[in-house]
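Coordinate analysis (summary)
Letter by letter, the chains look like this.
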Amino acid sequence: MTLKLYGIKNCDTLRKARKALQDADKDVEFIDVRADGLDAQTVKGWLDKVEADTLLNKRGTSWRALSDAEKAAAEADPTTAIVNAPTLFKRPVIVASDGGVTVGWKKPEQDKYLA
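Residue positions within a chain follow its written sequence, with the count starting from 1. Reporting of local features is limited, given that this is a predicted model, to residues whose pLDDT is at least 70; pairs of side-chain atoms are given and counted only at 80 or more, and all residues count toward the totals for whole chains, interfaces and linings. Remark: hydrogens and water are excluded; side-chain values derive from all non-hydrogen atoms of the structure.

Before going further, it helps to examine the pattern of salt bridges. In what follows, salt bridge is the name for a side-chain nitrogen of Lys or Arg lying within 4 Å of a carboxyl oxygen of Asp or Glu. Taken as a whole and assessed by the stated rule, the structure comprises five salt bridges. The salt bridge involving Arg15 is made with Asp12; its shortest N-O contact spans 2.4 Å. Here the residue Arg15 and the residue Asp12 both occupy positions in helix 1 (residues 12–23), the gap between them amounting to three residues, near one helical turn. A relative accessible area of 44% places Arg15 in the partly exposed class. We classify Asp12 as partly exposed; its relative accessible area is 48%. Of the charged contacts in the structure, one is a salt bridge between Asp23 and Lys19, with a shortest N-O distance of 2.7 Å. Numbering of helices and strands runs from the N terminus, with a helix taken as a DSSP run of H or I at least four residues long and a strand as a DSSP run of E at least two residues long. Residue exposure (1.4 Å probe, protein chains only): buried if accessible area is under 20% of the type maximum, exposed if over 50%, otherwise partly exposed.

Turning next to the nonpolar core. Joining through side-chain atoms within 4.5 Å is the link that ties buried Ala, Val, Leu, Ile, Met, Phe, Trp, Tyr and Cys residues into a set, and such a set is a nonpolar core. The biggest cluster of nonpolar side chains holds 33 residues, and the ones touching the most others in it are Leu5, Tyr6, Trp46, Phe89 and Val93. Among the secondary structure elements, those contributing two or more residues to this core are strand 1 (2–7), helix 1, strand 2 (27–32), helix 3 (40–49), helix 7 (78–84), strand 3 (93–96) and strand 4 (101–103). Looking at which element gives the most residues to this core, the answer is strand 3, with four residues. We call two residues in contact when some of their heavy atoms are within 4.5 Å. Those residues in contact with Tyr6 that sit more than four places away from it in its chain are Leu14, Ile31, Val33, Leu38, Thr42, Trp46, Phe89, Arg91, Pro92, Val93 and Val95.

At least two DSSP bridges between two strands are required for those strands to pair. A sheet is described by the order of its strands in space; here four strands give the open sequence 2-1-3-4, paired in mixed fashion. Whereas interior strands pair on both sides, the edge strands pair on one side only; in this sheet they are strand 2 and strand 4. For this sheet, the mean angle separating the axes of adjacent strands, direction not counted, is 20°. Inspection of the sheet shows strand 1 paired to strand 3 by four bridges, in the antiparallel sense. Bridging from a neighbouring strand, Leu5 pairs with Ile94 of strand 3. Axes here refer to lines fitted to C-alpha atoms; in helices the fit is confined to the stretch in contact. Angles between the N-to-C directions go from 0 to 180 degrees.

Right under this line is the structure:
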C-alpha cells in the first residue's frame, strides 16, 4: 500500500510519522503543502472521508491568528480556507492507495499503518 503524507516539513508530528513509516518499510510519498500547495479537489477528497472539525486545526497558531470573521468563513467553507492557508489542517493527513484518509499520528493511526 502506498501512503501519501500531507504536511509541512518542519512539523514534528509529521517527521515522527514519516520516520516510523519509512522504518517499517512502508511506501511513503511526502507532500509539503507549504512548498507544493494544495488544490481544492484534494481537500474535498479529504472532507469526503473525514469531518471538517477533525481536519481543521483549531488549536494551532494559524487558527488563533485568524479574526473571528475569518474563523467563521473557514468553518463555513473549510476547503477554500485550507487551500488558501494550508497550515490550517491537522497534520499529517495520510491518504492510502485504497482511498482511506486519516488525520494525525496518534495510537489508532500508528496501529493502522504500522501493523
